[in-house]
Amino acid sequence: MHRFLRRSWVQVVVGAMMLMAVVVASGRPTVFTDTDDYYAQGRGAARALKPIVSQILHIPRDLDEEDADLQAEADEDHTSMAARSPYYGILLYSAFEIGTLWLLAALQSLVAAWTVHTLIRGVMPQMRPRVYLSVMGGLSLLSTLPFFAGFGMPDVFAPLGALATAALTISWPRY
């Protein structure tokens, strides 16, 4: 069983690398005007969570320059903030602060590759690795999936949600 799981994860990582190869070939992850709204939303959430995390971890909290910057950011006018997902904002902000937009694109590519793997595994329980890798190669070269995985936007998650629903629907009767 462990060998099966290890082999599956290797396939998913290779699939994600195929998607990322297209992002690399295009030059960089893509941002839109909405991306900064998501970033501000995530930064605001981080500001709200900072005192809670500091209290849980018993870290003394001083008002510093970062807090002043966060307050200035919160004061900026982001008129469409109510239409933005704070959950995606936290993911975007965290990925950008930990690494770069490349980290966000890699995470989104990994989720996409795992979702496709799960769907194919649901349809073909005895799937050979070459089937999955062929599908990922085709998706990487012939679809917009790698571009959506490389967007600094949550747009990739709607079709992935539909694929996850299909995978659950197909696999559910077996379990």
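This report concerns the structure included in the present document. The structure displayed is predicted, hence computed values, not measured ones. (Residues numbered from 1 in each chain as written. Predicted model: local features only at pLDDT ≥ 70, side-chain atom pairs only at ≥ 80, totals over all residues. Heavy atoms only, no water.)

## Section: a nonpolar patch on the surface
To keep it simple, the criterion reads: The patches described consist of residues with a relative accessible area above 30% and no salt bridge, like charges being joined within 9 Å and nonpolar side chains (Val, Leu, Ile, Met, Phe, Trp, Tyr) within 5 Å. Surface accessibility in these figures is a Shrake-Rupley result with a 1.4 Å probe; residues are shielded only by whichever protein chains are displayed. Note on definitions: salt bridges are taken to be side-chain nitrogens of Lys or Arg within 4 Å of carboxyl oxygens of Asp or Glu. Secondary structure elements are defined from DSSP: runs of H or I of at least 4 residues count as helices, runs of E of at least 2 residues count as strands, and each element is numbered from the N terminus. Throughout, exposure labels follow a simple rule: accessible area from a 1.4 Å probe, protein chains only, divided by the maximum for the residue type, with under 20% read as buried, over 50% as exposed, and the rest as partly exposed.
A cluster of nonpolar side chains, namely L49, I52, V53, I56, L57 and I90, defines an oily patch on the protein surface of about 530 Å² accessible area. Per-element tally for the nonpolar patch: the top contributor is helix 2 (residues 35-56), with four residues. The topology assignment puts I56 in helix 2. With relative accessibility at 61%, the residue I56 sits in the exposed group.

## Description of helix 4 (residues 86-98)
Condition: Take the residue count of a helix, subtract one, and multiply by 1.5 Å to get its expected span. The directions from the helix axis to the C-beta atoms are what the arc is built from. Any two residues whose heavy atoms approach within 4.5 Å at even a single point are treated as in contact. Here a polar contact is recorded for every N or O atom pair within 3.5 Å, except that within protein the pair must consist of a potential hydrogen donor and a potential acceptor, and residues adjacent in sequence are included only if both atoms are side-chain atoms.
The end-to-end C-alpha distance of helix 4, which contains 13 residues, comes to 18 Å, matching closely the 18 Å that a straight helix rising 1.5 Å per residue would cover. Taken together, the buried positions of helix 4 are Y88, G89, L92, Y93 and A95. In a view along the axis of helix 4, the buried residues occupy a sector of 165°, so they form one face of it. When the buried face of helix 4 is taken as reference, the exposed residues oriented beyond 90 degrees from it are Y87 and I98. Looking at the packing, one finds that the buried side of helix 4 touches helix 2, helix 5 (101-123) and helix 8 (157-171). Structurally, the start of helix 4 carries an N-cap: the backbone nitrogen of Y87 is 3.3 Å from a side-chain oxygen of S85.

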